[in-house]
Amino acid sequence: MRTRIDLKTGQIEDAAVSFRRIGDLVGVFADEEARAAMPQDAIVYRVETHQAEKEGTPGGLLFGTSFVYPGKVGDEYFMTKGHFHARRDTAEYYFCIAGKGALILMDESGKCWAEEMEPGTLHYIPRSVAHRLANTGEEILAVGCCWGADIGHDYATIAREGFAKRLREVDGAPKLV
Ligand code: MN
């Protein structure tokens, strides 16, 4: 099965597209008051997924590009909700196609760290490590992702407990605090 990915933008032909807007992200950012005051239809990120397999297919792979838009809620950069994999013993590859940002990671003990992203950086997300993307630049951050179709996504743990650290702009530069 063949399709095309634009290596400049990360856009995938024949992809399913989903959007996450400010209004979908209640409780995700620290400054809920600032989030509530923003235009609720503003896009924070979108995901284009090439669906070679149905979600859940044992042994299958899925490929997608996440596009995180530039912006901040308070002093916190636009970011994805973040997730663990429901099947914790599964890893994932991310690579940066365009823009500038950070991959924020947290293991199950709550240890939290970040890897800087710029075009060409390749990131291995180990098993049992939660992950989210944040855009620290002025352009769209585009990140290619390849994951197992049957890993499942556990958003609930992060929705309940969050990440141990947040990526904020401190004195004009991103800092994980
Ligand atoms: Mn994942």
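Preceding this paragraph is the structure being described.
Here is a short report on the structure shown in this document. (Residues numbered from 1 in each chain as written. Predicted model: local features only at pLDDT ≥ 70, side-chain atom pairs only at ≥ 80, totals over all residues. Heavy atoms only, no water.)

### Regarding the layout of surface pockets
Stated precisely, the cut-off is as follows: Using protein atoms alone on a 1 Å grid, points that fit a 1.4 Å probe yet trap it form a cavity, whereas open point sets bounded by protein on both sides within 12 Å along at least five of seven lines form a pocket; residues with an atom within 4 Å of a point count as lining. Grid points are joined across faces, edges and corners, and a volume is the space filled by probe spheres set on the points. In this text, helices come from DSSP runs of H or I with a minimum length of four residues, and strands from runs of E with a minimum of two, each type numbered from the N-terminal end. Residues are sorted three ways: Asp, Glu, Lys and Arg are charged, Ala, Val, Leu, Ile, Met, Phe, Trp, Tyr, Cys and Pro are nonpolar, and all the rest, Gly among them, are polar.
Reported here for the largest pocket is a volume of approximately 570 Å³. Surrounding the largest pocket, 29 residues form its lining, Val47, Thr49, Trp147, His153 and Tyr155 being those nearest its centre. Breaking the lining of the largest pocket down by element, the ones donating at least two residues are strand 1 (16–21), strand 2 (43–50), strand 3 (61–68), strand 7 (92–98), strand 11 (129–135) and strand 12 (141–148). In terms of residue count, strand 1 provides more of the lining of the largest pocket than any other element does, five residues in total. Tallied by class, residues from the lining of the largest pocket come to eleven nonpolar, ten polar and eight charged.

### Structural notes on the environment of Tyr94
Put simply, the rule reads: Note on exposure labels: buried denotes an accessible area under 20% of the residue type's maximum, exposed denotes more than 50%, and partly exposed covers the range between, all computed with a 1.4 Å probe on protein chains only. Two residues form a contact once any of their heavy atoms are found within 4.5 Å.
Relative to the helices and strands, Tyr94 resides in strand 7. Under the relative-accessibility criterion, Tyr94 is labelled buried at 5%. Distance in space between the C-alpha atoms of Tyr94 and Thr121 is 8.5 Å, their sequence separation being 27 residues. Not counting the four nearest positions on each side in its chain, Tyr94 is found in contact with His83, Leu103, Met117, Thr121, Leu122, His123, Ile125, His131, Leu133, Val143, Gly144 and Cys145.

### Some points on unusual backbone geometry
With a phi angle near 60 degrees, Asp14 is a residue other than glycine that sits in the positive phi range. For Asp14, the position within the fold is in the segment before strand 1. Positive phi values are uncommon outside glycine, yet Ser128 reaches one of about 65 degrees. Structurally, Ser128 can be placed in the loop between strand 10 (122–125) and strand 11. When its relative accessible area of 24% is taken as the criterion, Ser128 is described as partly exposed.

### Quick notes on the packing of aromatic side chains
This is how it is decided: Think of it this way: a Phe, Tyr or Trp ring, Trp meaning its six-membered ring, pairs with another when their centres are within 6.5 Å, and the plane angle makes it stacked under 30 degrees, edge-to-face over 60, tilted otherwise. In this scheme, the term charge over a ring applies when either NZ of a lysine or CZ of an arginine sits within 6 Å of the ring centre and within 35 degrees of the ring normal.
All chains considered together, the criterion is met by two aromatic pairs. Lying across the ring of Tyr155, Lys81 places its NZ or CZ 5.6 Å from the centre. The ring of Trp113 is capped by Lys111, whose NZ or CZ atom sits 4.8 Å from the centre of that ring.

### Things to note about the environment of Ile22
Mapped onto the elements, Ile22 comes out in the loop between strand 1 and helix 1 (32–37). Ile22 sits in the buried class, given a relative accessible area of 0%. With 79 residues separating them in the primary sequence, Ile22 and Gly101 have C-alpha atoms 19 Å apart. Dropping the residues within four chain positions of it, Ile22 is found in contact with Arg35, Met38, Pro39, Gln40, Ala42, Val44, Val73 and Phe78.

### Some words on the coordination of the manganese ion
The line we're drawing: Shown as donors are all N, O and S atoms within 2.8 Å of a metal ion, widened to 3.2 Å for Na, K and Ca; because water is not in the atom set, sites may appear incomplete.
Binding of the manganese ion to the protein goes through His83 (NE2), His85 (NE2), Glu92 (OE) and His131 (NE2), at separations of 2.0 to 2.2 Å. All donors to the manganese ion come from one chain, and their sequence spacing reads H-x1-H-x6-E-x38-H. This pair shows no difference in class: His85 is buried, exactly as Glu92 is.

Nothing here speaks to function; it is geometry throughout.
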